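Residues per chain, in single letters:
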Amino acid sequence: MATALAAGSLTAPAHAASGTPAPPRRAASHSTLSQPTARPTCAVNDADGCLNNTATSTFTTTTGPADADGSGDSIDAADLTGTAGWQSGGTVTVDGATITLPQFGTGTYDNMLASGQTLTLPGGSVVDTGDAVVFLAFATGDAVKGASGTITYAGNNCLNPDGDPAEQDYVLDTVPDWLSGPPAAASITLAHENHSNNTQTSPSSGPKVYAVSVPLACPGSVVSSISLPLVNNGVQAGRPALHILGLGLRPTTATGSGPTARHWVGTWASVQDTGRVRLSDDSTATVDDQTLRIPAHVSIGTDSANGVRVHLSNATGATPVTFDAASVALQDTVTGGATAAAAPTALTFDGSPSVTIPAGADAVSDPVALTVQQQATVLVSLRVHGSVSAMPGHSVARTPVWVSDPADRTGDTAAAHYTQTTYTGLPYLSGIDVTTSTARPTGSLVLYGDQSVNGDTASADGRHHLSDAITDALVDDPHGNASVAYGVLNAGTSTNLLPQITDSTVPRNALNPQDRDVPAQGNVRTVLISLGADDLLNCAGNADTCATEVERGLASLDTRLSSYYTDDSQIYVDQQPVTQNSGITVYLATIPPFTAAHPGTATQEAAREQVNNYLLDDYPGRLIDLAAAVSTDGTATSSTVKAADLSDGNPSDAYYADLAGRYVDDVDSGTLIYPPD
């Protein structure tokens, strides 16, 4: 899909920062300078010379000097390093990008007020190629909007359409305020706020740190440096300030070179949307030195390279989690349940059998060799270290989970030591990738939506989400060849709402949960957005107001996600990479009628019909009419779901099968401008 670069456009080369020596680290100042006297240059993994503010403190009766907001308020360092497990001076991986953190709570500078600093990416010591830049940031004094900077590529690594070296301008659409910003978008929410009068409070809304990603226009090209926006280099009460803890590149799905080259694609995914997976009685699920065995019904299988890797997430967790061991295996197709078809293959993380994931962070395993057929069920086993009183993960999974006795059972083939739980959610496991051909790499389709995608009321066997129904429909398609040609990833959740509308009508970057649910997925090429029902049901205005809010939200999300580039978008002229402007293709879906279990008012129904007419008129070639697939009269404006698709007033398996059938029919009909691949 061709997309204009706009805020991410490529411009003529500009001179990099001169590398003026930075002043020594010292305690924070309350001054605010509109133009800093020097714009230092630092390595992204050694940014001491670019730090210019102290935002964390150690709370004691004589709390050290720190001032994040111009009023003497600061983050409690113990919340970051102790409770959340963010290692002072270490690294943390958020949304796939590994970021070096500053020292916390030492009384010296520990973040960058964005004042035009340049951060270099020294090759060999940090990731310098990828598909997006991820910033760990927060604002004080109100949200910071429209902050712009520059990404500079190494020589002969990114050319404009004329073949000349280019730079990429970027804009951070919105960096939310640390206290008043949206909790659902935060990567981490901390318990305490320290004050200069040696007191400590526990605000209900923060403090928070956000991950903001910016798409790279030349995915896979070497980035030499990134200049931060020029906002301020001091803090003043009531004046917006942009704080950046660090940044890093999210790697593309291509790894290795020559005979070791691999190209990965997502085959299964699960949205991280709760800090407490629950039992069927709504109590919190716990685990104590036990092994979890989680089934994943995949879409696409491995190619001849037979590679598999597993993604684990603590994105919605409040404390670190350690896995002493992990493994992957195919489920026995006869016995089923927790029984593996053969001895599980042990997983490692950077060569270690164990991994600790801080709160708000994620991890990906090292690749292992395992042949996986399309639509197979893969068993991922995780030995959880110690007693965990709350497990983050996916809230409404409709998937069975097994737990063992207090022991490492990751290597067990048989299910004798496992018992099926009553978990209604799915802890920790967030994704599975498989290898595809490096010569003809395959992409993935991400289904981003609400209950219509997640299958909240489908059969609880882990095989009846919309993603499963689509893979079934692809295999059964009389116009196909009985194969699943691309990954089909489920990013549905019952709590999904449209992102908040910002001042920008064309946002070009993403906060969470959109970033980790869509652009961070394995080689995503296409997104189907099926959202808006919950927003309408929560709207108390008149029909036109409710409809307009949803229309604006869908248009904003479309712009945001289509600004990201596919990992395969790079083309070459004379063996030099040139920006092709091949963005992620975004489809939108009409909103199905409300059901008896979740009825809307007459006003909300009128708004739904208005939204669907808007979508039909404004998105030809990019619209999947899911409403027509399940409505009584087969149109997008019918107010009822056909009885055959309901069970006790809720969508049944047949409902999701009909949605999937409509998707495949629309793909086969040729009405979509950019069919998935």
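It should be noted that the structure appears before, not after, this text.
Each value, and the rule that gives it
Throughout this description, residue numbers start from 1 for each chain and increase along the sequence as written. Restriction of local features to residues with pLDDT of at least 70 applies here, the model being predicted, together with a cutoff of 80 or more for giving and counting side-chain atom pairs; totals for whole chains, interfaces and linings are based on all residues. Side-chain calculation: all heavy atoms of the structure are included, whereas hydrogens and water are not. At least two DSSP bridges between two strands are required for those strands to pair. Only DSSP runs of H or I reaching four residues or more are called helices, and only runs of E reaching two or more are called strands; each is numbered from the N terminus. A simple rule labels every residue: compare its accessible area, found with a 1.4 Å probe on the protein chains alone, to the largest value its type can have, and call it buried under 20%, exposed over 50%, or partly exposed in between. As used in this record, nonpolar core signifies buried Ala, Val, Leu, Ile, Met, Phe, Trp, Tyr and Cys residues forming a set joined through side-chain atoms within 4.5 Å. Note on contacts: a residue pair is in contact if any heavy atoms of the two residues lie within 4.5 Å. Ring pairs are drawn from Phe, Tyr and Trp, using the six-membered ring of Trp, whenever the two centres fall within 6.5 Å, and their geometry is named by plane angle: stacked under 30 degrees, edge-to-face over 60, tilted for the rest. We call a pair of cysteine sulfur atoms a disulfide when they lie within 2.5 Å. Of the grid points, spaced at 1 Å and generated over the protein atoms alone, those admitting a 1.4 Å probe that cannot get out make up cavities, while open sets with protein on both sides within 12 Å along at least five of seven lines make up pockets; any residue with an atom within 4 Å of a point is treated as lining. Grid points are joined across faces, edges and corners, and a volume is the space filled by probe spheres set on the points. A positive count includes Lys and Arg, and a negative count includes Asp and Glu. His and the chain ends are not counted in either. A side-chain nitrogen of Lys or Arg and a carboxyl oxygen of Asp or Glu constitute a salt bridge if their distance falls within 4 Å. N or O atoms closer than or at 3.5 Å make up a polar contact, with two conditions inside protein: a donor-capable atom paired with an acceptor-capable one, and, for residues adjacent in sequence, both atoms drawn from side chains. For a helix, the expected span equals 1.5 Å multiplied by the residue count minus one. Only the stretch in contact is used when fitting a helix axis, every axis being a line fitted to C-alpha atoms; angles between N-to-C directions are given from 0 to 180 degrees. The labels follow the angle: roughly parallel below 35 degrees, roughly antiparallel above 145, roughly perpendicular from 65 to 115, and oblique for the rest. Two helices cross in a left-handed way if the nearer one is turned anticlockwise from the farther one by less than a right angle. They cross in a right-handed way if the turn is clockwise.

A. The sheet that holds strand β3 (residues 56–57), seen in detail. Spatial ordering of the open sheet is given by β3-β4-β13-β14, a layout of four strands whose pairing is mixed. With one partner strand each, in any of the chains shown, β3 and β14 (200–201) form the two edges of the open sheet.

B. Examining the environment of T585 more closely. Along the chain, T585 falls in strand β41 (residues 585–589). Judged by its relative accessible area of 5%, T585 falls in the buried class. When the C-alpha atoms of T585 and Y564 are compared, they prove to be 9.2 Å apart, with 21 residues separating the residues in sequence.

C. Representation of the nonpolar core. Counting 65 residues, the largest nonpolar core has W86, L136, L292, F323 and Y428 as the members making the most contacts within it. Apart from the residues within four sequence positions on either side, F323 is in contact with L312, P353, S354, V355, I357, L382, R383, V384 and Y428. Membership of the second largest hydrophobic core comes to 39 residues, among which are C42, V212, C218 and I226.

D. Just the pairing of strand β38 (residues 524–530), in detail. Most of β38 is tucked away, with seven of its seven residues classed as buried. Bridging between β38 and β41 involves four bridges; their strand directions are parallel. Looking at the pairing, I529 lines up with L588 of β41.

E. A look at the packing of aromatic side chains. The final tally for this structure, using the stated rule, is five aromatic pairs. An angle of 20 degrees between the planes, with centres 6.0 Å apart, marks the rings of F138 and W178 as stacked. One end of the pair, F138, is in strand β9 (residues 132–140); the other, W178, is in the loop between β11 (167–175) and β12 (186–189), and 40 residues separate them in sequence. For W178, a relative accessible area of 2% corresponds to the buried category. Between F323 and Y428 the ring centres are 5.0 Å apart and the planes differ by 85 degrees, which places this aromatic pair in the edge-to-face class. In this pair, F323 is assigned in strand β23 (residues 321–330) and Y428 in the loop between β33 (426–427) and β34 (429–436), connecting sequence segments 105 residues apart. For the pair F323 and Y428, one class covers both residues: buried.

F. Structural view of unusual backbone geometry. A cis amide bond links G206 with the next residue in sequence, P207, at an omega value of 0 degrees. By the element assignment, P207 lies in the loop between β14 and β15 (208–215). Between N512 and P513 the backbone carries a cis peptide bond, its omega angle lying at 5 degrees. Tracing the backbone shows P513 in the loop between β37 (510–511) and α4 (514–517). Its identity is not glycine, yet N523 carries a phi of approximately 50 degrees, on the positive side. Along the chain, N523 falls in the loop between α4 and β38. We classify N523 as buried; its relative accessible area is 0%. For D648, which is not glycine, the phi dihedral falls at a positive 55 degrees.

G. Inspection of the sheet that holds strand β42 (residues 623–624) at higher detail. Strand order in this open sheet of five strands is β36-β35-β38-β41-β42, and the pairing throughout is parallel. Each of the sheet's edge strands pairs with one partner strand only, and the pair in question is β36 (487–492) and β42.

H. Fine view of the state of the cysteines. Within the structure shown, the criterion is met by three disulfides. A sulfur-sulfur separation of 2.2 Å characterises the disulfide bridge that pairs C42 with C50. Handedness of the C42-C50 disulfide follows from its S-S torsion of about 105 degrees: it is right-handed. Of the two residues examined, C42 and C50, each falls in the buried class. Between the sulfur of C158 and that of C218 lies a disulfide, 2.1 Å long from S to S. Between C158 and C218 the disulfide shows an S-S torsion of about 55 degrees. By sign, it is right-handed.

I. Here's a closer look at empty space enclosed by the protein. With the rule as written, the count across this model stands at three cavities of 30 Å³ or more. The space that makes up the largest cavity amounts to roughly 180 Å³. Lining the largest cavity are 22 residues, and of these W268, A269, H465, S467 and N490 sit closest to its centre. Contributions of two or more residues to the lining of the largest cavity are made by β19 (262–269), α3 (466–476) and β36. The dominant element in the lining of the largest cavity, judged by the number of residues it contributes, is β36, at four residues.

J. Spatial organisation of the side chain of D625. In this structure, D625 sits in the loop between β42 and α8 (626–630). No salt bridge is formed by the buried D625; the nearest opposite charge belongs to R662, separated by 4.1 Å. Those residues within four positions of D625 in sequence are excluded, and the remaining contacts are T590, L616, A636, R662 and D666.

K. Spotlight on the environment of T348. Structurally, T348 is set in the loop between β24 (345–346) and β25 (355–357). Taking the C-alpha atoms as reference, T348 lies 44 Å from S647; in sequence the two are 299 residues apart. The contacts of T348, once residues within four sequence positions are left out, are P353, S365 and D366. Among the polar contacts listed, one links the side chain of T348 to the side chain of D366, at a separation of 2.6 Å.

L. Expanded view of the side chain of T54. Residue placement: T54 occurs in the loop between β2 (41–43) and β3. Within polar-contact distance, the side chain of T54 engages the backbone oxygen of T108 at 3.1 Å.

M. Layout of helix α7 (residues 602–618). For α7, spanning 17 residues, the distance from its first C-alpha to its last is 24 Å, which sits close to the expected 24 Å at 1.5 Å a residue. Among the residues of α7, Q604, E605, A607, R608, V611, N612, Y614 and L615 are the ones counted as buried. Each element contacted by the buried residues of α7 is listed here: α5 (533–537), α6 (543–562), β41, β42 and α8.

N. Inspection of the packing of α3 against helix α9 (residues 653–669) at higher detail. Running from N to C, α3 and α9 point in directions that differ by 50 degrees, and their axes come no closer than 8 Å. Regarding the angle of α3 to α9, the classification is oblique. The hand of the α3/α9 crossing is right-handed. Mapping the contact onto sequence places L466, A469, I470, A473 and L474 in α3 and Y656, A657, L659, A660, Y663 and V664 in α9.

O. Structural detail: the pattern of salt bridges. Using the criterion set out here, one finds 11 salt bridges in the structure. A salt bridge links R622 to D558; its shortest N-O distance comes to 3.0 Å. Residue R622 is located in the loop between α7 and β42, and its partner D558 is located in helix α6; the two are separated by 64 residues in the primary sequence. Using a relative accessible area of 7% as the deciding quantity, one classes D558 as buried. Linked by salt bridges that have partners in common, D131, R250 and D515 make up one network.

Function-wise, these values are silent; they only describe arrangement.
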